[in-house]
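Descriptive analysis of the structure
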Amino acid sequence: MALRIRAGPFTVVSHVLGVVAAIMVLVWCIHFRGGLAFEATNKSLIFNIHPVLLLIGFIILGGEAIISYKALPWRKEVKKLIHLILHAIALILGIVGIYAAFKFHNESGIPNLYSLHSWIGIGVISLYGIQWIFGFVVFFYPGGSATVRADSLPWHALFGLFVYVLALGTAALGFLEKLTFLQNSGLDKYGSEAFLVNFTAIVTVLFGTFIVLSAVSPNHVVDDFSYSSI
Ligand code: HEM
Ligand code: HEM
């Protein structure tokens, strides 16, 4: 599965959208929602860590990890190491961010794992962990034979993109759920905060779109149309 358009420009758009989404979620959680804290009497500050780490840590760093083969100029081996390390950081920050949501629930007397968002979220983080371990074992250490590597690569790319798209959907559900909670407790439905949250979700989905476009496009396009008839 490869488009006949160079990935380069798609990766540039991805970086820009990633920076915009990161700023938007920080403005929301810090300016509108009062800030971030692991220990606090105001338990909402513990929750705020969740969207920040899941968006910036898991979705944005995970997306940058996926496009490292397309966005970076170095040797394949270097890019492989960056791919592996960025995915590991994304996974760890994702787990810490989910822990923050559990901590917020436990300290506020709210039940855990009652929503579709949380169920798919647990599925996503588990599949991501499995994908990382498989990737590590097959492509890095101890590493499969040349045949095993070649045979598993399309599955690795396909499954990786599938899990990533599922993560984008989970984040959209999370934004929807939190904004609905806030609107039900009095937040202006058409106020600036509501717009900020919905637009953050839209920028996130656009970011993911350009990550997928970068992944399915080649580094170089070979021109084999030179003889084509009109
Ligand atoms: C791919 C990214 C995400 C994953 C994997 C994820 C996963 C989870 C999980 C597993 C829980 C359950 C915690 C518990 O039961 O104690 C949860 C809770 C929650 N998350 Fe996320 N989350 C993600 C992104 C987001 C984002 C961006 C928001 C936006 C605000 C959000 C909002 C919420 C809310 C409001 C809850 C508490 C209510 C509930 O349990 O559904 N999440 N998340
Ligand atoms: C959850 C973690 C991971 C995800 C979501 C993931 C996802 C992906 C995706 C979507 C691609 C296709 C990229 C493209 O075609 O431009 C890819 C390629 C690749 N990944 Fe991963 N990956 C993960 C972890 C790993 C790990 C730990 C390794 C170990 C070294 C690894 C090694 C590779 C290799 C060698 C390629 C092929 C690059 C190429 O030649 O085009 N991945 N990965």
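Residues numbered from 1 in each chain as written. Chains lettered and ligands numbered in written order. Predicted model: local features only at pLDDT ≥ 70, side-chain atom pairs only at ≥ 80, totals over all residues.

In the nomenclature of an unreviewed UniProt entry, the protein chain corresponds to Cytochrome b561 from the organism Macleaya cordata. Under the UniProt heading Subcellular location (unreviewed entry), the note attached to the protein chain is "Membrane". The UniProt entry for the protein chain carries this comment under Cofactor (unreviewed entry): "heme b". (UniProt positions renumbered as here; feature names shortened; annotations may be inferred.)

Here we come to helix 7 (residues 192-215). With 24 residues, helix 7 should cover 34 Å at 1.5 Å per step; its first-to-last C-alpha distance of 34 Å lies within 8% of that length. All of the buried residues in helix 7 are V197, T200, A201, T204, F207, G208, F210, I211, S214 and A215. Where helix 7 is buried, its residues touch helix 1 (8-32), helix 2 (44-66), helix 3 (68-71) and helix 6 (146-184). (Helix = DSSP H or I, 4+ residues; strand = E, 2+ residues; numbered from the N terminus. Expected span 1.5 Å × (residues − 1). Buried ≥ 20, exposed ≤ 12 C-beta atoms within 10 Å, placed from the backbone. Contact = placed C-beta atoms within 7 Å.)

This part is about the UniProt feature "transmembrane region" (unreviewed entry) in the protein chain. Here the UniProt-annotated "transmembrane region" (unreviewed entry) positions come out as residues 12-33, 45-69, 81-102, 114-141, 153-175 and 195-216. The straight-line gap between the two end C-alpha atoms of residues 81-102 is 32 Å; of that span, 100% is helix and 0% is strand. The span residues 153-175 shows a helical share of 100% and a strand share of 0%, and its end C-alpha atoms are spaced 33 Å apart.

Close to ligand 1 lie 26 residues, the nearest being N112, S115, S118, G121 and G174. Breaking the shell around ligand 1 down by element, the ones donating at least two residues are helix 2, helix 4 (76-108), helix 5 (116-139) and helix 6. Residue classes in the shell around ligand 1 are distributed as 15 nonpolar, 9 polar and 2 charged. (Near = placed C-beta within 6 Å. Nonpolar A, V, L, I, M, F, W, Y, C, P; charged D, E, K, R; others polar.)

Attention now moves to the UniProt feature "domain: Cytochrome b561" (unreviewed entry) in the protein chain. Cross-referencing UniProt, the feature "domain: Cytochrome b561" (unreviewed entry) maps to residues 13-216 in the present numbering. When the span residues 13-216 is considered, its composition is 82% helix and 0% strand, and the gap between its end C-alpha atoms is 15 Å.

Counting residues in hydrophobic clusters, the biggest one holds 44 residues, and the most contacted among them are L55, I59 and A167. Secondary-structure elements contributing two or more residues to this core are helix 1, helix 2, helix 4, helix 5, helix 6 and helix 7. Looking at which element gives the most residues to this core, the answer is helix 2, with 14 residues. Once residues lying within four places of it in the same chain are set aside, the contact partners of L55 are A21, V25, I60, A171 and T204. (Core = buried A, V, L, I, M, F, W, Y, C linked by C-beta atoms within 7 Å.)

For helix 5, with 24 residues, the first-to-last C-alpha span of 34 Å sits near the 34 Å given by 1.5 Å per residue. Residues of helix 5 that are buried: H117, G121, V124, I125 and Y128. Of the surrounding elements, those touching the buried residues of helix 5 are helix 4 and helix 6.

With respect to the element layout, M24 can be found in helix 1. Given 19 C-beta atoms within a 10 Å radius, M24 is considered partly exposed. Considering only alpha carbons, one finds M24 and A201, 177 residues apart in sequence, at a separation of 9.5 Å. With sequence-adjacent residues up to four places away left out, M24 is seen in contact with L196, F199, T200 and V203.

On to the environment of A40, then. By the element assignment, A40 lies in the loop between helix 1 and helix 2. Placed 64 residues apart in sequence, A40 and F104 show a C-alpha to C-alpha distance of 9.9 Å. Each residue touching A40, except ones within four places of it in the same chain, is listed here: L45 and I46.

A few words on the site of ligand 2. Taken together, 22 residues surround ligand 2, and among them G135, F139, F140, A157 and G160 come closest. Where the shell around ligand 2 is concerned, the elements lending two or more residues are helix 3, helix 4, helix 5 and helix 6. Tallying contributions element by element places helix 6 first for the shell around ligand 2, with 7 residues. Grouping the constituent residues of the shell around ligand 2 by class yields 14 nonpolar, 6 polar and 2 charged.

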